[in-house]
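Structure at a glance
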Amino acid sequence: MDIQGNGYISIEQLTGQYLAKKTPVRKATDGGAYQGLSFQDVLQRKTLGESGSLKFSKHAMGRLADRNIELSDAQLERLESGTKMAGQKGIRDSLVIVDQLAFIVNIPNQTVVTAMDSTETDENVFTNINGAVII
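**Let's talk about the overall build of the protein**
- Helix and strand content of the protein: four helices and five strands.
- Written out in order from the N terminus, the α and β elements of the protein read α-α-β-α-α-β-β-β-β.
- Among the 135 residues that make up the protein, the fraction classed as buried is 27%.
- Across the protein, every contact between residues at least 6 apart in sequence was considered, and the portion connecting residues at least 24 apart equals 52%.

Encoded structure:
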């Protein structure tokens, strides 16, 4: 880039610099390119949670610690699978039961809101959900 004697570049140089650049192809987080996919395909990937994993809220982490609940890798995979199934059915806030553990999951945010084991569900009443998945 040629800088003029006054320390500034000309408008022609600036225009040429920005117009000559090619935009790189955006890559998906899984290594595949978005090129060739329709907007609907990309949107479905994002909304179904294919690009991210399940998160646990601060409240849920506290409940797991207070109740001495430890999830095995297999249980966590089943919880993620149940969350994905709930999302495919259009559920927004789901009860997901894995073995003797119950989780309330906000599906759009892919976040576990709270967790409990069978000893905590004395009345077996769950509120503020619109669907349940039993794995």
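**Regarding the side chain of Thr111**
- Looking at the secondary structure, you find Thr111 in strand S4 (residues 111–117).
- Look at Thr111 and you get buried, because its relative accessible area is 16%.
- Discounting chain neighbours no more than four positions away, the residues touching Thr111 are Leu54, Lys55, Phe56, Ser57, Ile104, Val105 and Asn106.

**Overview of the confidence of the model for the protein**
- Put simply, the protein has an average pLDDT of 78, and 64% of its residues get 70 or more.
- Confidence, expressed as mean pLDDT per element, reaches its minimum in the protein at helix H2 (residues 39–47) with 63 and its maximum at strand S2 (residues 93–98) with 95.

**Quick look at the sheet that holds strand S3 (residues 101–106)**
- Spatially, the five strands line up as an open sheet ordered S1-S4-S3-S2-S5, and their pairing is mixed. Edge positions in the sheet fall to strand S1 (55–56) and strand S5 (131–134), since each has one partner strand and no second.
- Of the pairings in the sheet, the one linking S3 to S4 comprises six bridges and is antiparallel in character. Bridged to Asn106 within S4 is Thr111.
- Across the sheet, helix H3 (residues 58–66) lies against S1, S3 and S4, angled at about 20° from S4, the strand it touches most.
- Strands S1, S2, S3, S4 and S5 of the sheet are contacted by helix H4 (residues 73–88), whose axis makes an angle of about 145° with S2.

**Focus: the pattern of salt bridges**
- Here the structure, examined in full by the defined rule, presents two salt bridges.
- Two residues, Asp66 and Arg63, come together in a salt bridge whose shortest N-O distance is 3.8 Å. A residue pair is termed a helical-turn pair when its members lie 3 or 4 positions apart in one helix, as Asp66 and Arg63 do in helix H3 at three residues.
- Classification of Arg63 as partly exposed rests on a relative accessible area of 28%.
- A salt bridge links Asp99 to Arg78; the nearest nitrogen and oxygen atoms lie 3.0 Å apart.

**Quick word on unusual backbone geometry**
- One non-glycine residue, Asp99, lies in the positive phi region at around 55°.
- Residue placement: Asp99 occurs in the loop between S2 and S3.
- We classify Asp99 as partly exposed; its relative accessible area is 39%.
- At Gln110, a position not held by glycine, the phi torsion is positive, near 55°.
- With respect to the element layout, Gln110 can be found in the loop between S3 and S4.

Quick notes on the rules
Residues numbered from 1 in each chain as written. Predicted model: local features only at pLDDT ≥ 70, side-chain atom pairs only at ≥ 80, totals over all residues. Heavy atoms only, no water. Helix = DSSP H or I, 4+ residues; strand = E, 2+ residues; numbered from the N terminus. Buried < 20%, exposed > 50% of the residue type's maximum accessible area, 1.4 Å probe, protein only. Contact = heavy atoms within 4.5 Å. pLDDT = per-residue confidence, 0-100. Pairing = 2+ DSSP bridges. Axes fitted to C-alpha atoms, helices over the stretch in contact; angles between N-to-C directions. Salt bridge = Lys/Arg side-chain N within 4 Å of Asp/Glu carboxyl O.

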